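# Coordinate inspection notes
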Amino acid sequence: MDAMVRELSYAQAIQEAMAIAMDMDERVFLMGEDIGVYGGAFQVTGDLVDRYGADRVLDTPISELGGAGVAVGAAVTGMRPIFEFQFSDFATLAMEQIVNQAAKMRFMLGGEVSVPVVMRFPAGSGTGAAAQHSQSLEAWLGHVPGLKVIQPATPYDAKGMLLAAVADPDPVMIFEHKLLYKAKGPVPEGYYTVPIGKADIRREGRDLTIVATSIMVQKALDAAATLEAEGIDVEVVDLRTIRPMDKQTVIDSVKKTSRLMCVYEAVKTLGIGAEVSAMIAESEAFDYLDAPIVRLGGAETPIPYNPELEKATVPQVPDIIAAARDLVKGVR
Amino acid sequence: MATASKAAADSRANLPFVYRQYSAEQLREVLHKMYLIRRFEEGAEESYMRGLIHGTMHLSIGQEASAMGICMPLAEDDQITSTHRGHGHCIAKGAEVKRMFAEFFGKTTGYCKGRGGSMHIADVAKGNLGANGIVGGGIPIAVGAALSSKMMKTGKVVVSFFGDGANNEGAFHEALNMAAVWKLPVIFVCENNGYGMSTSTARSTAVKNIADRAAAYSMPGVIVNGNIFSEVAEASHKAVERARNGEGPTLIESKTYRHRGHSKSDRNRYRTKEEIEDWMSNRDPITLFESELREFGFIDDRGIEAIREAVAKEIADGIEFAKASPSPDVSETGNYVYTEQA
């Protein structure tokens, strides 16, 4: 019998996944700043402390480096910590433990240990939080072998990928766009997983492949709906995982549509769009291309405070529509 | 570990702690291991000079009593995190020198299958979670291991070794604070050898004693002469007892000295020959322990000679084992990045 499907917000879906993980496995626990009675800066842990107690919903001091290291140490010695960063920007304070320790410990020790830690990063702009609370740093971590880096774009994936991350023996970094927390979607009850390393074709089309990540998936779908009226048939690929990347799904899509656009919120230069573009240029799909590849990414600036400037800093639906039109009509 | 029999213990009533606490056999084994650490590092240094080992290494020659004293009260399943100067900790926690040599030679029979080398030497089966190339990197990891011990109620105690340089890293302060707030079974052991690479503690550290920093985290801060095995072991014994009883962490500052430079690139321009000579001639931890053992009647010249010979053979055999072991195949470069899925 199919599980009951409800409408849940992205934040509720994550909370439900964490509760299921804790119910299933006593080694799973949550760590982070103000995740207990406060409920987390974005209310993702919410009231979990009432159900699981302060030992399993563990408030840490404001010590990102030390806290991340404690999570790594607990993971190596048998626990299954889920560590919440209050904002993804604060990963900069913990890079040592993430990049030098979590990512490399198994390798350096010749496979003698695994590091089953999950880290959650509320990311992205759009909340007026300005330059130090709005970044999209997933490509930084995506550059590090030993880590897995995912960006669920829907409540369904947020729950299923978090449960996959908890079951994964290696460190999994989850980038959650803050504007998605309130987005609603269908989520089945109970346990299910969505595999790490598999992209999802969210909309099939013939004329153009848009590879999007995180919040840009919905924007690409919105753009595709408008473009359909103009006779442009867009395929939207939700990359979902940036390491390890599902290359084949993107290659197959580009071979079908012959055009590629990458849309992501992080700063455009040296980002995920560069990686996807280069991957296609190196693949058999290159010969199928009818036009140059287009990247739409964030501006080469910090995220500004002013709301109009902030919007202008990252790709919006009209930007995607305009770029797609030009690409398909051969303006470029 | 078994303690000495009551009759033997009574006759030792006025001796320092370890001579009351441990049997003659256990104490002779400590001397054996101290020699093993010394000769292992000399063997590694010589192999490096002869081009058999590449990269670099950080020798702990002169710090053997610290490693042995701290590990003395630990059980086999207690855990440690170690440092770039971690060969002694690894041997003190029970590692075999042949597999350590094999690791230094980059061979598949090494503890890390040739992927880690000196700076990442580990022996997970014996509770050594690994040396660390990042100063202070292992300290929060040790706190995490202690959190596991508390949550899983395993009774394990965790020791985090680090040097004087690490006490100025943020990780040190964050980790000590969390360990104290959560009353975790962890012991922080600062092996203060006087220099973080070339910079002396006087020039780098605002407090006179690193143990003073324990006060900021409401834990005992204990200073020991790191070159006197009995002093170190006694402090460790108390800290382990405290940790196992759920009373929380301790910071031990073990004041010691490295006879060699920081690493293989060190020209020794920041300290005098006289200073080094003084520590080598007058405060060598093996010489000090050996003369105590002799004085208190736990060993004689023949016993010492037997230990030296046994160690020389272990070292020679270990180097032969490493030389004869296979190198990993270049096709296996990508192994162990991720856990292999069944």
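What counts as what
- Residues numbered from 1 in each chain as written.
- Chains lettered and ligands numbered in written order.
- Predicted model: local features only at pLDDT ≥ 70, side-chain atom pairs only at ≥ 80, totals over all residues.
- Heavy atoms only, no water.
- Domains from an automatic or database assignment.
- Contact = heavy atoms within 4.5 Å.
- Buried area = accessible area lost by both parts, 1.4 Å probe.
- Salt bridge = Lys/Arg side-chain N within 4 Å of Asp/Glu carboxyl O.
- Helix = DSSP H or I, 4+ residues; strand = E, 2+ residues; numbered from the N terminus.
- Nonpolar A, V, L, I, M, F, W, Y, C, P; charged D, E, K, R; others polar.
- Pairing = 2+ DSSP bridges.
- Axes fitted to C-alpha atoms, helices over the stretch in contact; angles between N-to-C directions.
- Buried < 20%, exposed > 50% of the residue type's maximum accessible area, 1.4 Å probe, protein only.
- Right-handed = clockwise from strand over helix to strand, strands pointing away.
- Polar contact = N/O pair within 3.5 Å; in protein donor to acceptor, adjacent residues only side chain to side chain.
- Expected span 1.5 Å × (residues − 1).
- Core = buried A, V, L, I, M, F, W, Y, C linked by side-chain atoms within 4.5 Å.
- Phe/Tyr/Trp six-rings, centres within 6.5 Å; stacked < 30°, edge-to-face > 60°.
- Lys NZ or Arg CZ within 6 Å of the ring centre and 35° of its normal.

Residues and elements named next belong to chain A. Domain parsing of chain A yields domain 1 (5-188) and domain 2 (200-329). The C-alpha-based centres of domain 1 and domain 2 are spaced at 26 Å. Contacts between domain 1 and domain 2 engage 29 residues on the former and 21 residues on the latter. Summed over both sides, the interface of domain 1 with domain 2 buries roughly 1,900 Å², with 56% coming from carbon and sulfur. For the pair domain 1 and domain 2, the interface holds one salt bridge. Between Asp 157 and Arg 240 there is a salt bridge; the shortest N-O distance is 3.2 Å. Elements represented by at least two residues in the side of domain 1 that touches domain 2 include exactly α6 (138-142), β6 (148-150) and α7 (155-167). Here the side of domain 1 that touches domain 2 is composed, by residue class, of 14 nonpolar, twelve polar and three charged.

Residues and elements named next belong to chain A. Strand order in the open sheet formed by seven strands is β3-β2-β4-β5-β7-β6-β12, with mixed pairing between adjacent strands. The open sheet has two edge strands with one neighbour each: β3 (57-59) and β12 (241-243). Along the sheet, successive strands turn relative to each other by an average axial angle of 20 degrees, direction set aside. Both strand β2 (residues 28-32) and strand β4 (residues 80-84) contribute to a ladder of five bridges, which runs parallel. Considered in β4, the bridge of Phe 29 is made with Pro 81.

Within the secondary structure, His 262 of chain B sits in the loop between β7 (250-255) and α11 (273-282). Filtering out sequence-adjacent residues up to four positions away, His 262 of chain B remains in contact with Met 57, His 58, His 84, Arg 85, Met 197 and Tyr 270 of chain B.

Moving on: the pairing of strand β2 (residues 158-163) of chain B. Residues and elements named next belong to chain B. Among the six residues of β2, five are classified as buried, and the element is accordingly described as predominantly covered. Pairing between β2 and strand β3 (residues 186-192): six bridges, direction parallel. Looking at the pairing, Val 159 lines up with Ile 187 of β3. For the crossover from β2 across helix α8 (residues 170-181) to β3, the handedness is right-handed.

What follows is about the interface of chain B and chain A. Put simply, an interface is often sized by how much accessible area is lost when its parts join up. On the side of chain A, 44 residues touch chain B, which itself brings 36 residues to the contact. Taken over both partners, the interface formed by chain B and chain A buries close to 3,100 Å², and the fraction arising from carbon and sulfur atoms is 66%. The three residues of chain B that bury the most area against chain A are Ile 141, Met 151 and Tyr 338 of chain B, which together make up 19% of that side's buried surface. Where chain B touches chain A, the interface holds two salt bridges. With a shortest N-O distance of 3.1 Å, Glu 112 of chain A and Lys 113 of chain B are connected by a salt bridge. Counting the contacts that link chain B with chain A gives 15 residue pairs in polar contact (both at pLDDT 80 or more).

Here helix α1 (residues 10-24) of chain A contains 15 residues, and its C-alpha end-to-end distance of 21 Å stays within 8% of the 21 Å for a straight helix at 1.5 Å per residue. Among all positions in α1 of chain A, only Tyr 10, Ala 11, Ala 13, Ile 14, Ala 17, Met 18, Ala 19, Ile 20, Ala 21 and Met 22 of chain A are buried.

Further remarks concern the pattern of salt bridges. All names here are of chain B. This structure, assessed with the given rule, holds 35 salt bridges over all chains. Salt-bridge contacts for Glu 64 lead to Arg 38; the nearest nitrogen and oxygen are separated by 2.5 Å. Of this pair, Glu 64 sits in helix α4 (residues 64-71) while Arg 38 sits in helix α3 (residues 24-49), placing them 26 residues apart in sequence. In this pair, the class of Glu 64 matches that of Arg 38, namely buried. Bridged by salt links that share partners, the residues Glu 290, Arg 294, Asp 301, Glu 305 and Arg 308 form one connected network.

Within the largest apolar cluster, 83 residues are counted, with the highest numbers of intra-cluster contacts made by Ile 98, Met 119 and Leu 141 of chain A together with Phe 188 of chain B. Here this core spans two domains, and each of domain 1 (5-188) and domain 2 (200-329) of chain A adds at least three residues to it. Once you skip the residues sitting within four places of it in the chain, Leu 141 of chain A turns out to touch Met 95, Ile 98, Val 99, Phe 121, Leu 147, Val 149, Met 173 and Phe 175 of chain A. Within the second largest apolar cluster, 65 residues are counted, among which are Ala 13, Ile 20, Val 118 and Leu 227 of chain A.

With that out of the way, let us pick up the sheet that holds strand β11 (residues 234-238) of chain A. Residue and element names in this part refer to chain A. Across the sheet, five strands lie side by side as β9-β11-β10-β13-β14; this open sheet has mixed pairing. Single-partner strands in this sheet number two, and they are β9 (200-203) and β14 (294-298). Between one strand and the next, the sheet's axes are offset by a mean angle of 25 degrees, whatever the strand orientation. Bridging between strand β13 (residues 260-267) and β14 involves four bridges; their strand directions are parallel.

A few words now on the packing of aromatic side chains. Taken as a whole, this structure holds 17 aromatic pairs over all chains when the rule is applied. The interplanar angle of 10 degrees and the centroid separation of 4.7 Å between the aromatic rings of Phe 121 of chain A and Phe 175 of chain A together place this pair among those described as stacked. With Phe 121 of chain A in strand β5 (residues 118-123) and Phe 175 of chain A in strand β7 (residues 172-177), this residue pair connects regions lying 54 residues apart in the sequence. Exposure class is identical for Phe 121 of chain A and Phe 175 of chain A. Each is buried. Each ring, one from Phe 229 of chain B and one from Phe 289 of chain B, has its centre 4.9 Å from the other, and the planes form 55 degrees; the classification is tilted. Of this pair, Phe 229 of chain B sits in helix α10 (residues 229-244) while Phe 289 of chain B sits in helix α12 (residues 285-295), placing them 60 residues apart in sequence. Note on Phe 229 of chain B: relative accessible area 2%, which makes it buried. Members of the aromatic cluster, connected to one another through ring pairs, are Tyr 10, Phe 42, Phe 87, Phe 90 and Tyr 181 of chain A. Positioned over the ring face of Phe 321 of chain B is Lys 98 of chain B, at 4.8 Å from the centre of the ring. One cation-aromatic arrangement involves Lys 113 of chain B over Tyr 336 of chain B; the distance from NZ or CZ to the ring centre is 5.2 Å.

Residue and element names in this part refer to chain B. Between its first and last C-alpha atoms helix α13 (residues 301-324) spans 35 Å; for 24 residues at 1.5 Å apiece the expected length is 34 Å, and the two agree. Residues Ile 304, Ile 307, Val 311, Ile 315, Gly 318, Ile 319 and Ala 322 constitute the buried set of α13. Close packing links the buried residues of α13 with α3, α6 (97-104) and α12.

Another aspect to go through is unusual backbone geometry. A cis amide bond links Arg 243 of chain A to the next residue, Pro 244 of chain A, at an omega of -5 degrees. Within the secondary structure layout, Pro 244 of chain A lies in the loop between β12 and α9 (247-257). Despite not being glycine, Ser 258 of chain A has its phi angle at roughly 70 degrees, a positive value. Inspection of the secondary structure puts Ser 258 of chain A in the loop between α9 and β13. Judged by its relative accessible area of 12%, Ser 258 of chain A falls in the buried class. Non-glycine residue Tyr 336 of chain B carries a positive phi angle of around 70 degrees. Along the chain, the position of Tyr 336 of chain B falls in the segment after α13.

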